[in-house]
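A look at the structure
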Amino acid sequence: MAQSSTFPEVVELNIGGQVYVTRFETLTAVPKSLLWATFTQNTPANLPKDSKGRFFFDRDGFLFRYILDYLRDSELFLPEFFKERKRLQREADFFQLPELSRRLAAVSKDSSSAEDSGEPEEAELISPVTSSSSSERPLRSPGGNSGYITIGYRGTYTIGRDIQADAKFRRVARITVCGKISLAKEVFGETLNESRDPDRPPDKYTARYYLKYNFLEQAFDRLAEAGFHMVACSSTGTCSYGSNDPSEDKLWTSYTEYVFSR
């Protein structure tokens, strides 16, 4: 790692428009990989950057999270019903991670066999930076039921008389969860507030649950980790004045729903 002193300890990346922040030692964890070569055989001035100075790679920004997990944690747990193994294998090939590519190929074969036999799919991928004994552990991933979950929130913001001024957003008051009880509890667990619809059987549906936190990204992360993908979204909005004076700030109220499927 002759060039390590020229790079910061914490490195910012732009992968296909997605921003990642990680340590230099994580990017160089696998010798002879593309990231290892990029950050040990070059200087920052020689690498492409975006407008914010982040090192840029024109690759799949979503799938890179799994590449980074593989380097960072020495193992990789894929979400249940993960359907992009071939694309992830292509990313592994691009980043010159042959061991990860080989294991993804093996999991794909095992998945095909499991589908033919009706057995649940399992997948855990071990990084080559671990010991040889641990790298031979079986691949696994938890299974789960298919279905839909709808996330909704109501937000408000104001726009001043000068429409060029930035809108003033207020925080999301509540994130609602609609769907089958068993799916909602599986995904959100203890972060789910059931006080408005308690003691419902797991095979029933509800539109009255909400989350104990107010960050949409946190909800999206939980859904992604559980193997859900967004399939639709919609939003409506109304505008009113704070008073009868039209010169006052405009108050906008919006309601947005995101539909996720697995």
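Structure first, text after, so check above.
In what follows, the accompanying structure is described. (Residues numbered from 1 in each chain as written. Predicted model: local features only at pLDDT ≥ 70, side-chain atom pairs only at ≥ 80, totals over all residues. Heavy atoms only, no water.)

Points about the overall build of the protein
Counting its regular elements, the protein contains 7 helices and 12 strands. For the protein, buried positions account for 40% of its 262 residues. (Helix = DSSP H or I, 4+ residues; strand = E, 2+ residues; numbered from the N terminus. Buried < 20%, exposed > 50% of the residue type's maximum accessible area, 1.4 Å probe, protein only.)

Observations regarding the nonpolar core
Core analysis: the biggest nonpolar cluster contains 30 residues, and Leu-13, Phe-39, Phe-64, Ile-67 and Leu-88 have the highest contact counts within it. At the level of elements, strand E1 (10-15), helix H1 (24-27), helix H2 (34-40), strand E3 (55-57), helix H3 (64-73), helix H4 (85-94) and helix H5 (98-117) are the ones that each hand at least two residues to this core. Sorting elements by how many residues they give to this core places H3 first, with 6 residues. Setting aside anything within four residues of it in sequence, one finds Phe-64 in contact with Leu-13, Ile-15, Tyr-20, Leu-35 and Phe-95. (Core = buried A, V, L, I, M, F, W, Y, C linked by side-chain atoms within 4.5 Å. Contact = heavy atoms within 4.5 Å.)

With respect to unusual backbone geometry
In this structure, Lys-32 is a non-glycine residue whose phi angle is positive, near 75°. Within the fold, Lys-32 resides in the loop between H1 and H2. Not every positive phi belongs to a glycine, and Asp-199 is a case in point at roughly 60°. Among the secondary structure elements, Asp-199 is positioned in the loop between strand E9 (192-193) and strand E10 (205-211).

Observations regarding the sheet that holds E1
Each strand in a sheet pairs with another by means of backbone hydrogen bonds, the pair being arranged parallel or else antiparallel. Strand order in this open sheet of 3 strands is E2-E1-E3, and the pairing throughout is mixed. Each having just a single partner strand, strand E2 (18-23) and E3 make up the two edges of the open sheet. The sheet shows a mean angle of 30° between the axes of neighbouring strands, direction not considered. The sheet contact formed by E1 and E2 spans 6 bridges and is antiparallel. When the bridges of E2 are listed, Glu-12 appears paired with Val-21. (Pairing = 2+ DSSP bridges. Axes fitted to C-alpha atoms, helices over the stretch in contact; angles between N-to-C directions.)

Examining helix H6 (residues 181-188)
Considered for burial, the residues of H6 that qualify are Ile-181, Leu-183, Ala-184, Val-187 and Phe-188. Viewed along the axis of H6, the buried residues span an arc of 165°, placing them on a single side of the element. One or two positions beyond H6, positive phi appears at Gly-189, with a value near 50°. (Arc of directions from axis to C-beta.)

As for the pairing of E10
In terms of strand pairing, strand E8 (residues 175-180) meets E10 through 4 bridges, oriented antiparallel. Its bridge partner lying in E10, Val-177 is registered against Tyr-209. For E9 and E10, the ladder comprises 2 bridges, and the chain directions are antiparallel. Paired with Asn-193 across the strands is Tyr-210, a residue of E10.

Some words on the side chain of Arg-103
Take Arg-103: it is sitting in helix H5. Side chain to side chain, Arg-103 and Glu-99 meet in a polar contact 2.9 Å long. (Polar contact = N/O pair within 3.5 Å; in protein donor to acceptor, adjacent residues only side chain to side chain.)

Nothing here speaks to function; it is geometry throughout.
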